[in-house]
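Residue-level listing of the chains:
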Amino acid sequence: MSSLPRRVKTEAKSFTSEDDEPSLLNSSSESEEEEEEWKPKTKMAKKPRLPKKNEAKPKKVPAPRSALARKTVNKVAIKQEMLMIDMFSMPFCQDVSLPVASAESNRMQLLKVKEEHVGTKPKTLNQKPEVPKKMEINSFQGKNIRSLESDEKPSTSIPVVENQVKCEKSEEYFAFNEPPFKKIKSTTCPEGKPVKSLGGNKVKEEFEMNWDIVQALSEITNVEPWVCANLIRLFQEENTIPFIARYRKELINNLEADALREVQQTLEELRSVAKKTHTMIQKLKKEGKLSGCLLTALLNCRTLEELDHVSAPYKTGSKGTKAQRAKQLGLEPAALSLLQNPMELSLFSYIRPNTKGLSTIQEVEAGVQHILADIFAKDKDTLDFIRKLCQQRYICIQSALAKVSSKSGNEKDIDKFQLYHEFSCSIKNIQHHQILAINRGENLKILTVKVNIPDGVKNEFCWWCVNERWRPKQFLKPELMRILRTSVEDAYKRLIYPLLCREFRSKLTSDAEKESVMMFGRNLRQLLLTSPVRGRTLMGVDPGYKHGCKLAIISPTSQILHTDVVYLHSGQGFREAEKIKKLLLQYNCSTVVIGNGTACRETEAYFADLIMKKYFAPLDVVYCIVSEAGASIYSVSPEASKEMPDLDPNLRSAVSIARRVQDPLAELVKIEPKHIGVGMYQHDVSQTLLKATLDSVVEECVSFVGVDINICSEILLRHIAGLNANRAKNIIEWREKNGPFINREQLKEVKGLGPKTFQQCAGFIRFNQEYIKTFCSNKKTELGNQAVLTKAGVQGKKKSKPIPYVSRQPNPLDQTCIHPESYNIAMRFLSLIGGNANDIGKSDMQQKVNAVIQKEGLEGTAKRLNTTVHTLQLIIDGLTQPEGFDIRTDFDKPDFKRSIVCFEDLSVGTVLTGKVENATPFGVFVDVGVGKAGLIPMRNITEAKLSKVKKRRSLGLGPGERVEVKVLNVDIPRLRITLDLIRVI
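Residues numbered from 1 in each chain as written. Predicted model: local features only at pLDDT ≥ 70, side-chain atom pairs only at ≥ 80, totals over all residues. Heavy atoms only, no water.

The name given to the chain in an unreviewed UniProt entry is S1 RNA-binding domain-containing protein 1, with the source organism recorded as Colius striatus.

What follows is the structure, encoded as structure tokens:
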């Protein structure tokens, strides 16, 4: 997977400890350093050396050329030479599973290219330059040779064959005076164990800092360094999160998509800090303000707050700090002398009666004090000490009602923040939602907020500075000691304390915003993966008063059968009931979907009353309430106009409401995620971060569910990993022009879908085999002619790009989650178990798989197939899952009802069944059918009450889950219900 240079192959060793594991190639920077250390022996060196047995004579190295001349070296020849060498060594290896290209043809091409380069001699297998040290082993050697031909071809998870490594132990190859070319991309996982590195934990970044980005990323995210290093390289190669989470498990230690998203966001933040730091360095260098100490301080910054603190005095347009003005008066030597050589310091010599700032001894002392305070406040050790000290002490954040708001504020707004009028909490214990609430109150000027650091921290810090860190090297006079103490106190009060407050507030806010965004993402995922209700004709109802209730009846295949408007709440309810009954009977529809917007409660009561009276007999009608968040926005969007051009926008929302139950994922992806409304304080957080996270969650859900490429919409297709709006449009155009896709390989014919895009999206695209077989049987002759045309190319036209031959035969593996890069392994596994690809998803396949796995075990079978446990498990899942398998079947369906419960019917102790509507860090909101959601506080949600069968990402519930609850408290005036969780249904 790494794009770093492949340098050498050496003998494989057995590793017994974690420290002894292969580092899987050095980084490019390390390789270049080793190249620089190696120098050819010149005629000056006359130290005798006895040649080793069977050692080849070292080749003469030509005199050093200029940089320009070195750049003209033919890189293609070097790369093809390495390809030839690998292929020469392969036939001696016992690896029958990997096809090898013709070595002779490649060798002839190599020699032809190298003849074009005048003045160089081709290297042979017998000519090897001498190297001073042994390179590290390359554990990614098991990849198909053909992968060298394309940098973007998908890598496989095939481990190193032991005999293959042994046969290559004597081959050591180098490319001197050349820029490093790319390594073989691979994700080898020997014997199914996690790969600990893709070239070491050293990652070369565009902007270098004094801290290591891998280590910093690991510390912030609590992810192992080797996983962080792998992820950085995977993201650099433009791999998507769904692809990494499903097909690169061995490289990421089986992390879930949420964790990958957090690492990606943290990585972007660190890179942003590094980029801004180097921009600031270049700016200061250009202005002549950059000193050695300032450069070090800038390169030590890990956060934007630290960078702002260090760079603030040097920003253009600033008047300059007190320290800068003192330095301009020439007092910096006096300040430094006070610390280093105080015996020779005389402040009276700096007095200039006619100069402002130097006219009196008091002004001179104040200037020295400001310079010293500035030095103390920017010292890394000093800041590290005060931060560590704060971690050991009780630091709290306090909020109070602002005096201005209490006099001239909106009482309703002030009442919302009643809990925070006199609030105090430790920064270690404060909850994320409390931080966001305090910030909102402060922005509205209703609350005032401050961070309280105890005086003990200040006293201990000042003592440490005077007696330890900044203790003068010589005896200090009393008046100079007084200046030193005053400088330390001034540095703390004026510079360090405000910095600490900003850091604490910024860290708390950043963490709270991230948690809010992650919570929104989890809720959105749960909502998108709601189990679809298939095979039913549905009536969608968009409730309303004055403008009536909009109706839309849709078929089991989402086709619009009928639309209408009924006025249920204007005295015409009985007459409209006849119309509704007629429509339900005409289309044999027994399921009504009601949006939860305006007039929802009255509309629900209307249908419940008719159902209880059996008015729709012989139909057994049921109804459910569904969120209509975003339906109105979608109904007037360009996508809706394109999809339903002849339909009134008001009726489009009714269609959308019905389709949200029939296929929630396909319908909800049409709406901008932030309008779905299942988050917390989503309007107060970074909108850039929110959009990136939610788009990533949508991509993850659509990809993991998979789409049938021959029937899915363009909107759904653009959310597949690796695809975008243009590529999705090109796929639809290809489908309309050439007919349905027969197999995954045909995706390569689509304009804009290169090898990298194919690698990312291929595993998430499905093909209905029955439909394709029927199509192929009807169009067999036409497809045969088309295949010949594709292979031969069109005559008479200018040839812009050769069209590769693509098979037109259906592949049964295309209906599974198995990636095309693993088809070879899947076919070998089928041969091992005696199965047939046409039996995928049948009970016989499950029995054959179980028989082999029980006999040899998962690890033993993976080793036998030269693959990883993760890849084998994915292949087994793909072969054994029934045709048309949908991961959403494990999630909850909508809660269908026939009756209604009123708010007044509730009492303490009442047991109800409800559906989770929203989840937040402080509790879960449950719709119990009374028109107002009840709250289950987080303290009432314990692990014992959660379902043991369902795999959970976290200790919590998500939207759509059905629960049984008990009423703890009913506040009728405020319409608040407090619930206790009994169990998850």
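From this point, the discussion proceeds with the structure in view.
J.: Report on the overall build of the chain, specifying residues and quantitative values.
T.: Looking only at helices and strands, the chain has 35 helices and 15 strands in total. Taken across its 985 residues, the chain has 49% of its residues classed as buried. Surface exposure of the chain reaches about 50500 Å², of which carbon and sulfur atoms provide 52%. (Helix = DSSP H or I, 4+ residues; strand = E, 2+ residues; numbered from the N terminus. Buried < 20%, exposed > 50% of the residue type's maximum accessible area, 1.4 Å probe, protein only. Areas by Shrake-Rupley, 256 points an atom, 1.4 Å probe, with all protein chains shown as cover.)

J.: Summarise the pairing of strand S7 (residues 591–595); cite the residues concerned and give the values.
T.: Most of S7 sits out of view: five of its five residues are buried. Burial along S7 is two-sided: the face carrying Thr-591, Val-593 and Gly-595 and the face carrying Val-592 and Ile-594 are both buried. Of the pairings in the sheet, the one linking S7 to strand S8 (residues 622–626) comprises five bridges and is parallel in character. Bridge pairing links Gly-595 to Val-626 in S8. (Pairing = 2+ DSSP bridges.)

J.: Pulling in residues and values, what's your account of the nonpolar core?
T.: Among the nonpolar cores identified, the biggest contains 108 residues, and Leu-231, Ile-252, Leu-717 and Ile-731 are the most heavily contacted of them. Mapping this core onto the domain boundaries places at least three of its residues in each of domain 1 (213–304) and domain 3 (531–766). Leaving out residues up to four positions away in the same chain, Leu-717 has contacts with Val-707, Cys-712, Leu-723, Ala-728, Ile-731 and Ile-732. Leu-347, Leu-372, Ile-427 and Ile-453 belong to the second-largest nonpolar core, a separate cluster that totals 61 residues. (Core = buried A, V, L, I, M, F, W, Y, C linked by side-chain atoms within 4.5 Å. Domains from an automatic or database assignment. Contact = heavy atoms within 4.5 Å.)

J.: Go over the packing of helix H9 (residues 257–287) against helix H20 (residues 478–528) with me, naming the residues and quoting the values.
T.: One way to put it is that H9 packs onto H20 with a least axis distance of 12 Å and a crossing angle of 145°. In this structure, H9 crosses over H20, and the sense of that crossing is right-handed. Residues Asp-258, Arg-261, Thr-266 and Glu-269 of H9 touch H20, and the partners they reach there are Lys-514, Met-518, Arg-522 and Arg-525. When grouped by side-chain class, the residues that make up the contact of H9 with H20 number one nonpolar, one polar and six charged. (Axes fitted to C-alpha atoms, helices over the stretch in contact; angles between N-to-C directions. Left-handed = near helix turned anticlockwise from the far one by under 90°. Nonpolar A, V, L, I, M, F, W, Y, C, P; charged D, E, K, R; others polar.)

J.: Describe in detail the pattern of salt bridges, supporting the description with residues and values.
T.: As enumerated under the stated definition, the model contains 41 salt bridges in all. One salt bridge connects Lys-579 with Glu-576, and the closest N-O pair in it is separated by 3.7 Å. Of this pair, Lys-579 and Glu-576 are both found in helix H21 (residues 573–586), three residues apart, which corresponds to roughly one turn of the helix. Relative accessible area serves as the criterion here: at 32%, Lys-579 is assigned to the partly exposed category. Glu-643 is the partner of Arg-659 in a salt bridge, and the nearest nitrogen-oxygen pair spans 2.7 Å. Of this pair, Arg-659 sits in helix H25 (residues 649–662) while Glu-643 is found in helix H24 (residues 638–643), placing the two residues 16 residues apart along the sequence. Given a relative accessible area of 35%, Glu-643 falls into the partly exposed group. (Salt bridge = Lys/Arg side-chain N within 4 Å of Asp/Glu carboxyl O.)

J.: Would you mind going over helix H10 (residues 292–299) in detail, with residue names and values included?
T.: Restricting attention to buried positions, one finds in H10 the residues Leu-294, Ala-297, Leu-298 and Leu-299. The inward-facing, buried residues of H10 contact H9 and helix H11 (304–311).

J.: Quick rundown of the packing of aromatic side chains? Include the residues and the values.
T.: Per the stated rule, a full pass over the model turns up twelve aromatic pairs. Both rings, one in Phe-243 and one in Tyr-247, keep their centres 5.6 Å apart while their planes meet at 45°; by these two values the pair is tilted. Here Tyr-247 and Phe-243 lie together in helix H8 (residues 241–247), a separation of four residues that amounts to about one turn. Ring geometry for Phe-376 versus Trp-470: centroids 4.8 Å apart, planes at 40°, classification tilted. One end of the pair, Phe-376, is in helix H14 (residues 361–377); the other, Trp-470, is in the loop between helix H19 (455–469) and H20, with 94 residues separating them in the sequence. Assigned by exposure class, Phe-376 and Trp-470 land together as buried. An aromatic cluster is present here, built from Phe-243, Tyr-247, Phe-704 and Phe-764 joined pairwise through their rings. Positioned above the aromatic ring of Trp-470, the side-chain terminus of Arg-469 is 4.4 Å from the ring centre. (Phe/Tyr/Trp six-rings, centres within 6.5 Å; stacked < 30°, edge-to-face > 60°. Lys NZ or Arg CZ within 6 Å of the ring centre and 35° of its normal.)

J.: Could you give me a rundown of the environment of Asp-413, with the residues and numbers involved?
T.: Residue placement: Asp-413 occurs in helix H17 (residues 411–416). Judged by relative accessible area, Asp-413 falls into the partly exposed class, the value being 28%. Residues Asp-413 and Ile-446 lie 33 residues apart in sequence; the distance between their C-alpha atoms is 8.2 Å.

J.: I'd like a rundown of the sheet that holds strand S2 (residues 422–426), residues and numbers included.
T.: Strands pair in a sheet through their backbones, by hydrogen bonds, and they do so in one of two ways: parallel or antiparallel. Pairing within the open sheet is antiparallel, and its three strands lie in the order S2-S1-S3. If you trace the sheet from one side to the other, it starts and ends with S2 and strand S3 (447–452), each paired once. Between one strand axis and the next, the sheet turns through 15° on average, direction left out of account. When strand S1 (residues 396–401) meets S2, the two strands line up antiparallel, connected through five bridges. For Ser-399, the partnering residue across the bridge sits in S2 and is Phe-423. The strands touched by H20 within the sheet are S1 and S3, with S3 carrying the most contacts at an inclination of about 115°.

J.: Tell me what's going on with the sheet that holds S7, and back it up with residues and numbers.
T.: Spatial ordering of the open sheet is given by S6-S5-S4-S7-S8, a layout of five strands whose pairing is mixed. What marks the edges here is a single partner per strand, and that holds for strand S6 (560–566) and S8. Taking the axes of each pair of neighbouring strands and ignoring which way they run, one obtains an average angle of 20° across the sheet. When strand S4 (residues 538–542) meets S7, the two strands line up parallel, connected through four bridges. Across the sheet, the residue bridging to Met-539 is Val-592, located in S7. Packing of H25 onto the sheet brings it into contact with S4, strand S5 (549–554), S6, S7 and S8, and relative to S5 it is tilted by some 50°.

J.: Give me the environment of Ile-840: which residues, what numbers.
T.: Of note, Ile-840 is situated in the loop between helix H33 (823–833) and helix H34 (843–864). Relative accessible area serves as the criterion here: at 7%, Ile-840 is assigned to the buried category. Separated by 41 residues in sequence, Ile-840 and Gln-881 have C-alpha atoms that sit 7.6 Å apart. Apart from the residues lying within four places of it in its own chain, the contact partners of Ile-840 are Pro-812, Leu-813, Gln-815, Thr-816, Met-845, Gly-878 and Leu-879.

J.: Quick one: what's the story with the pairing of S8, residue by residue and with numbers?
T.: The buried fraction of S8 amounts to five of the five residues, a majority that puts the element mostly inside the structure. Residues of S8 alternate between two faces, with Val-622, Cys-624 and Val-626 on one and Tyr-623 and Ile-625 on the opposite face, all of them buried. Note on the crossover from S7 through helix H22 (residues 600–612) to S8: the handedness is right-handed. (Right-handed = clockwise from strand over helix to strand, strands pointing away.)

J.: Give me the side chain of Thr-240: which residues, what numbers.
T.: Along the chain, Thr-240 falls in the loop between helix H7 (225–236) and H8. The residues touching Thr-240, leaving out its near neighbours within four places in the chain, are Glu-699, Ala-721, Gly-722 and Gln-760.

J.: How would you summarise helix H29 (residues 725–738) if you had to cite specific residues and measurements?
T.: In a regular helix each residue adds 1.5 Å, so 14 residues correspond to 20 Å; H29 covers 20 Å between its end C-alpha atoms and thus fits that length. Looking at H29, one finds that the buried residues are Ala-728, Ile-731, Ile-732, Trp-734 and Arg-735. Projected down its long axis, H29 carries its buried residues within an arc of 160°, all on one side. Facing away from the buried side of H29 by more than 90 degrees, the exposed set consists of Asn-726, Glu-736 and Lys-737. (Expected span 1.5 Å × (residues − 1). Arc of directions from axis to C-beta.)

J.: Before we move on, can you summarise the packing of helix H18 (residues 432–443) against H20 with the specific residues and values?
T.: A pair of packed helices is characterised by two quantities: the angle between their axes and the separation of those axes. Where H18 meets H20, the closest approach of the two axes is 9 Å, and the angle between their N-to-C directions is 115°. The orientation of H18 relative to H20 falls into the category roughly perpendicular. For the crossing formed where H18 meets H20, the hand is left-handed. In this structure, H18 uses His-432, Ile-435, Leu-436, Asn-439 and Glu-442 to contact H20, whose residues at the interface are Arg-505, Leu-508, Thr-509, Asp-511, Ala-512, Glu-513, Glu-515 and Ser-516. Here the residues of the contact of H18 with H20 are counted per class, giving four nonpolar, four polar and five charged. (Parallel < 35°, antiparallel > 145°, perpendicular 65-115°, else oblique.)

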